[in-house]
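Observations on chain architecture
Residue-level listing of the chains:
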Amino acid sequence: MTPQGTVTLLHAFGASPTDGFVPSAPLIQASDGAIYGVTTSGGRGGFGTVFRITLDGAYSQLHSFGMSPGDGKLPRGALLEGRDGNLYGATLAGGTGPCPLTRDDCGTAFRISKSGNDYRQLYSFGAFEGDAERPNGAFIQTADGNLLGTSAGGGVRNCSNVPGIFGCGTVFRMTPGGVVTVLYAFGGTVAGDGAQPEGPLTPGGDGFFYGTTIAGGRFGGCAEMAGCGTVFRMSAAGTVNVLYAFVPPPPVGSSPTPDGYSPGAYLLRARDGNFYGVTASETGAPTVRTGTIFRITPAGVKTTLFSFGPVDVNPAEPHGGLVQAPDGSFYGVTLTSGTLGRVGAREGRGTVFRMVLP
C-alpha cells in the first residue's frame, strides 16, 4: 500500500489445497530483500506455514507445520532474522509435551533457513513445572546473541480468572541452540502484576525492555479478565515493573472512559523515545467506542491520543500495533467498520488508518 492508500494485491492465501491461510502476524523484510511471514492454518499438515514472498509477488511456501509427530502447530508471532541469517519463530501448539497441568502440547521454538531447506525444532515448551507455555509473540535478539520471548501461558498457575490459558505467562530467554531459561513469571508476588503477555518485547534504548499484557493489573471489571491489562518494563536481569495498569470501562449509562483496556500486543518505540500502542476495547454510553491509540513515556506517563468509533462507518477495534513512517506519521489497521457495510455481526470489513500528531 502506498502512503496515499493505493493497494496492490501480491498474494491471495488459500489459492491451492495445500496453501496456508489466516496470516495473523506482522511480516518482516529480511536481508535478502524478500518478505517472510507465517500463517496459522493451512499447508500440507493443516497447522500453518512459513512463507516467502518478493516485492513483485513471487510466493513460495517454506515449511508446513504438523507434518510429523511432535512438530509445531499454529505459529502466531512474527519471525526474527537472527544474526546468523536464519529465521527464528515459535508456535502456539505442537511439540513433544506434555504440559505438566494440561497434559497437552504447549508449543515450540524453531529455526528455519531462508531457503526453507534447513528446518529445526529447537525446543518444546512445557518441559517442566513453571516453564513457558503457548508462546505467541516474536523473539528479539540481545547483544549476547540470545533470544528473548514471551508466552501467554505457563509460569505461575494461579490465573484461573483469565479465560483460555493455564498460568499467567512468562518472559523467557533461549540460546540459539534451544536452551530455555524462564526470566520472569507473571502473576507472582508483585501486587497488581500483569498477566498473559501476547506480544514481543520492545527494546527501549535505555537497557530495559517494554511490553504489554492483555490481563492483570490493579483494576478488575473488564469482562472475565483478571484485570484490564498493563504496560510493563523489564531489566536485562528479569526484574519487572508495572508502568501502567489500564482502567475498567464505566457502568452502562455513564460517560465513556478515554482509557481503553486490554492493550494490543505490540508496542512501538517511536523516534521521540516514547512508546505507542492501541487498545481494542473502550466502552461507554451514550456512544460505544471501540479502541484507542495511546502514548506512554518510559517513566509510565500515559496519554490517550485517539478514541475510535462510535461504530458505523468509523474505524473500530484497532488490531496489532502501529508503524511509524519516515515523515513521522503512524499507520495501523482496524478489524471492523469502514464504508463497505456490515459483514455478519461485524460493522464493516476493516480499515487502514494514518495518525498525524499535532
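The shown structure was predicted, so the numbers you read here are calculated from the model rather than taken from an experiment. (Residues numbered from 1 in each chain as written. Predicted model: local features only at pLDDT ≥ 70, side-chain atom pairs only at ≥ 80, totals over all residues. Heavy atoms only, no water.)

**Focus on the overall build of the chain**
Our working rule: A run of H or I in DSSP counts as a helix once it spans at least four residues, and a run of E counts as a strand once it spans at least two, with each numbered from the N terminus. Any residue under 20% of the maximum accessible area for its type is buried, any over 50% is exposed, and the rest in between are partly exposed; the area is computed with a 1.4 Å probe on protein chains only. For this analysis, residues touch if any pair of their heavy atoms sits within 4.5 Å. All accessibility values rest on the Shrake-Rupley procedure with a 1.4 Å probe; residue burial counts only the protein chains present in the view.
When helices and strands are tallied, the chain shows 0 helices and 31 strands. Burial status across the chain gives 52% buried among its 358 residues. Taking contacts inside the chain between residues at least 6 apart in sequence as the whole, the part at least 24 apart equals 43%. With an accessible surface of roughly 15,400 Å², the chain has 56% of that area assigned to carbon and sulfur atoms.

**Quick look at the sheet that holds strand β13 (residues 140–141)**
Counted only if it meets this: Criterion used throughout: strands pair if DSSP finds at least two bridges between them.
Spatial ordering of the open sheet is given by β13-β14-β16-β17, a layout of 4 strands whose pairing is antiparallel. Of all strands in the sheet, those with a lone pairing partner are β13 and β17 (180–185), marking the two edges. Here strand β14 (residues 147–151) pairs with strand β16 (residues 170–174) via 5 bridges, running antiparallel. Looking across to β16, one finds that leucine 147 is bridged to methionine 174.

**Quick notes on the pairing of strand β30 (residues 330–336)**
Burial analysis of β30 places 5 of its 7 residues in the buried class, the great majority of the element. Across 5 bridges, the pairing between strand β29 (residues 316–324) and β30 is antiparallel. Pairing of proline 318 across the sheet is with threonine 334, part of β30. Where β29 folds back on β30, the antiparallel hairpin that results is connected by 5 residues, among which glycine 328 adopts a positive phi of roughly 95°.

**Quick word on the sheet that holds β29**
We count it as follows: Here, axes are lines fitted to C-alpha atoms. For helices the fit covers the stretch in contact, and angles between N-to-C directions go from 0 to 180 degrees.
Pairing is antiparallel across the open sheet formed by 3 strands, whose spatial order is β29-β30-β31. The sheet is open, and its two edges are formed by β29 and β31 (351–355), each paired on a single side. Strand-to-strand twist in this sheet, taken as the mean axis angle between neighbours without regard to direction, amounts to 25°. Judged from the 5 bridges that link them, β30 and β31 form a sheet pairing that is antiparallel. Within the sheet, the bridge partner assigned to threonine 334 lies in β31 and is threonine 351.

**Considering the packing of aromatic side chains**
Let me state the cut-off plainly: Put simply, two rings from Phe, Tyr or Trp (the six-membered ring, in Trp's case) pair if the centres are within 6.5 Å, and we call them stacked under 30 degrees between planes, edge-to-face over 60, tilted for the rest. Charges are assigned to positions over rings by a cutoff of 6 Å between ring centre and Lys NZ or Arg CZ, combined with an angular limit of 35 degrees from the ring normal.
Overall, the coordinates contain 17 aromatic pairs when judged by the stated rule. Seen in terms of ring centroids, phenylalanine 306 and phenylalanine 308 are 5.0 Å apart; in terms of plane orientation they differ by 85°. Their pairing is edge-to-face. For phenylalanine 306, a relative accessible area of 41% corresponds to the partly exposed category. Among the aromatic side chains, those forming a connected cluster through ring pairs are Tyr123, Phe125, Phe139 and Phe172. Directly above the aromatic system of phenylalanine 208 lies the positively charged group of arginine 233, at a separation of 4.9 Å from the ring centroid.

**Side note on the environment of leucine 201**
Within the secondary structure, leucine 201 sits in the loop between β18 (194–195) and β19 (202–203). The residues contacting leucine 201, other than those within four sequence positions of it, are Ile140, Leu148, Thr150, Val171, Phe209, Tyr210, Phe232 and Met234.

**Things to note about a nonpolar patch on the surface**
Threshold: Surface patches are drawn from residues lacking salt bridges whose relative accessible area is over 30%; two like charges belong together within 9 Å, two nonpolar side chains (Val, Leu, Ile, Met, Phe, Trp, Tyr) within 5 Å. A side-chain nitrogen of Lys or Arg and a carboxyl oxygen of Asp or Glu constitute a salt bridge if their distance falls within 4 Å.
Taken together, the side chains of Met1, Val7, Val333 and Val352 make up a nonpolar region of the molecular surface, amounting to roughly 370 Å² of accessible area. Structurally, valine 7 is set in the segment before β1 (20–21).

**Regarding the environment of valine 190**
Tracing the backbone through its elements, the reader meets valine 190 in the loop between β17 and β18. You can call valine 190 partly exposed: its relative accessible area is 34%. Separated by 51 residues in sequence, valine 190 and asparagine 241 place their C-alpha atoms 8.5 Å apart.

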